[in-house]
Amino acid sequence: METVSLNRIDGTSISATLICYFENISDKKQYIYYTLNEISGTDTNSTVKIYCVKVRQNDPALDTAISESTWEQLKGHMAEALKGILNPDIKFLPISQLVDKTIVSEKVIAMPVSYNYVDKHYQFYLANVSNDTTGGDEIAPIANNEIPLAPQETVSEPAPVSEPVVLDAPQQEPEPIVAETLKPIQEESTNNNNTNSSEPIDITSIEEKYAKMIEDITKLKELELEAAKRYNATLQLSTMHNEQHASYVQSEQIKENGSIASVPAFEPAPVEPAPINPVPPVSNVMEPISQPQPEPNPTPTQDLETNWFDMPIQ
């Protein structure tokens, strides 16, 4: 695997494992896929983080953040690489052509380790970027099986021979070369046709992707329901506590006055405004003794404030 050094906007540098470097042909924007080999989970549920970044091209029209629609396209390129499908809308570039290594915008997604995605996409990238960067002169088409003549040497006048057929022999020897020259061209054409041929969509990978999404959403639902139940239970306990306290105050007043008529049920006793020079009022009615109240349990509140999105992706 190849390593590439990239710079984030905050000035930090990273050394990452390169997956691919390509350009969107329609809008000329360039992207890099890389990984830091961050593994989460164990066994069959383990995943690896894949980063998709927009690199700076020093053009305000090109150096824009990755939109949601573009993000969907970038994820689609991952699936195409796993299936060996070359998208005609992108062009793989050699990493040596990367001028500015600054990251403009970045997205990250978890990929199951069992897919062996990193190695597959990197090999797919190498195979196609080599086709785009091959140099040299193109082979000119050969019409009517004509063979280009080799440079002729200056020959002095030959001595008369009895059999001039010998002079024609060198012109017949290149015939095997015609077959050897045309054969690679035909094989290359066949290989290109096989590469660009359509392949069926992998239904299993689609089902696995959505099954994983449903599983994650179900877990979030269960956690949120549990937090809601705890919160409701706290409210219920608080209501029961207030009712018990009111009942206790009422029973104390009945013991003191011998009647419940003096204080209406569930109504607070009227409070007289205090005079300018407050004098402790004399009352024959004893104030209800305040009982120590248990402090509310803070556990439900802490659970309610839990940030569900900080949980690692399984």
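Being a predicted model, the structure only gives us computed values, none of them experimental.

What's the story with the nonpolar core in this structure? I'm lost.
Side chains that are nonpolar tend, in soluble globular proteins, to be buried together. Ile32, Tyr33, Tyr34 and Tyr125 are the most contacted members of the largest nonpolar core, which totals 37 residues. At the level of elements, β1 (3–7), β2 (13–24), β3 (30–35), β5 (47–55), α1 (68–83), β6 (90–92), β7 (103–112) and α2 (117–133) are the ones that each hand at least two residues to this core. Here tyrosine 125 is in contact with Leu18, Ile19, Cys20, Tyr21, Phe92, Leu93, Pro94 and Ile95, once residues within four sequence places are set aside.

Got a minute to help me understand unusual backbone geometry in this structure?
Among all residues except glycine, the phi angle is most often negative; among peptide bonds, the trans geometry is most common. In this model, asparagine 37 sits at a positive phi of 60 degrees, which is unusual for a non-glycine residue. Phi is positive for asparagine 116, close to 55 degrees, though the residue is something other than glycine. Looking at the secondary structure, you find asparagine 116 in the loop between β7 and α2. Residue asparagine 116 is classed as partly exposed on the basis of its relative accessible area, which comes to 41%.

How should the pattern of salt bridges be read in this particular structure?
Oppositely charged side chains can pair when the atoms bearing their charge come close. Within the structure shown, the criterion is met by nine salt bridges. In this structure, the salt-bridge partner of arginine 56 is aspartate 100, at a minimum N-O distance of 2.8 Å. Of this pair, arginine 56 sits in the loop between β5 and α1 while aspartate 100 sits in the loop between β6 and β7, and the two are 44 residues apart along the sequence. Judged by relative accessible area, arginine 56 falls into the partly exposed class, the value being 33%.

Explain α1 here, please?
Quick reminder: α-helices carry 3.6 residues per turn. Residues three or four places apart thus point the same way. Taking 1.5 Å as the rise per residue, α1 with 16 residues should run 22 Å; its terminal C-alpha atoms sit 23 Å apart, in good agreement. Among the residues of α1, Thr70, Trp71, Leu74, His77, Met78 and Ala81 are the ones counted as buried. One side of α1 holds all its buried residues, which, seen down the axis, span an arc of 110 degrees. Glycine 84, located one to two residues past α1, shows a positive phi value of around 75 degrees.

Please clarify how the pairing of β5 should be interpreted in this entry.
Two faces belong to every sheet, and in a regular strand the side chains alternate between them. Of all nine residues in β5, eight are buried, a share of seventy percent or more. Here β3 pairs with β5 via four bridges, running antiparallel. Along β5, the bridge assignment pairs tyrosine 34 with tyrosine 51. Here two bridges tie strand β4 (residues 39–40) to β5, and the two strands are oriented antiparallel to one another. Across the sheet, the residue bridging to serine 40 is threonine 47, located in β5. Across nine bridges, the pairing between β5 and β7 is antiparallel. In the strand pairing of β7, cysteine 52 is matched with lysine 107.

What's the story with the confidence of the model for the protein chain in this structure? I'm lost.
Summarising the model, the protein chain shows a mean pLDDT of 74, and 60% of its residues fall at 70 or more. Ranking the elements of the protein chain by mean pLDDT puts helix α6 (residues 299–304) last, at 39, and β3 first, at 97. Across residues 132–155 the pLDDT falls below 50, and counting only partners more than four positions away or on other chains, this stretch makes ten contacts in the model. Here residues 158–190 is a poorly scored stretch, pLDDT under 50, and it has seven contacts once near neighbours within four places are set aside; other chains count.

Quick question: what am I supposed to make of the packing of aromatic side chains here?
Geometry of an aromatic ring pair is reported as the spacing of the ring centres plus the angle between the planes. Inspection of the entire model under this criterion finds seven aromatic pairs. On the basis of an interplanar angle of 75 degrees and a centroid distance of 6.3 Å, the ring pair of phenylalanine 22 and phenylalanine 92 is categorised as edge-to-face. One end of the pair, phenylalanine 22, is in strand β2; the other, phenylalanine 92, is in strand β6, and 70 residues separate them in sequence. Just as phenylalanine 22 is buried, phenylalanine 92 falls in that class too. Among the aromatic residues, ring-to-ring pairing joins Phe22, Tyr31, Tyr33, Phe92, Tyr122, Phe124 and Tyr125 into one connected group.

Help me understand the environment of valine 48, please; the structure alone is not making it clear to me.
Looking at the secondary structure, you find valine 48 in strand β5. Of the residues examined, valine 48 reaches a relative accessible area of 8% and is grouped as buried. Leave out the neighbours within four places in its chain, and valine 48 touches Thr35, Asn37, Glu38, Ile39, Ile109, Ala110, Met111 and Val113.

How do you make sense of the pairing of β2 when you look at a structure like this?
Taken across its twelve residues, β2 has ten buried, putting it largely inside the fold. Pairing of β1 with β2 involves five bridges; the strand directions are antiparallel. The partner of threonine 3 across the bridge, within β2, is threonine 17. Where β1 hands over to β2, the hairpin turn is made up of five residues, of which glycine 11 adopts a positive phi near 100 degrees. Sheet topology places β2 next to β3; six bridges connect them, and they run antiparallel. Following the sheet pairing, tyrosine 21 is matched in β3 by isoleucine 32. Counted between consecutive antiparallel strands, the loop separating β2 from β3 contains five residues, among which lysine 28 sits at a positive phi close to 65 degrees. Across three bridges, β2 lies against β6 in antiparallel orientation. Note that in β6 the partner of glutamate 23 across the bridge is lysine 91.

Rules behind the numbers
Residues numbered from 1 in each chain as written. Predicted model: local features only at pLDDT ≥ 70, side-chain atom pairs only at ≥ 80, totals over all residues. Heavy atoms only, no water. Core = buried A, V, L, I, M, F, W, Y, C linked by side-chain atoms within 4.5 Å. Buried < 20%, exposed > 50% of the residue type's maximum accessible area, 1.4 Å probe, protein only. Helix = DSSP H or I, 4+ residues; strand = E, 2+ residues; numbered from the N terminus. Contact = heavy atoms within 4.5 Å. Salt bridge = Lys/Arg side-chain N within 4 Å of Asp/Glu carboxyl O. Expected span 1.5 Å × (residues − 1). Arc of directions from axis to C-beta. Pairing = 2+ DSSP bridges. pLDDT = per-residue confidence, 0-100. Phe/Tyr/Trp six-rings, centres within 6.5 Å; stacked < 30°, edge-to-face > 60°.

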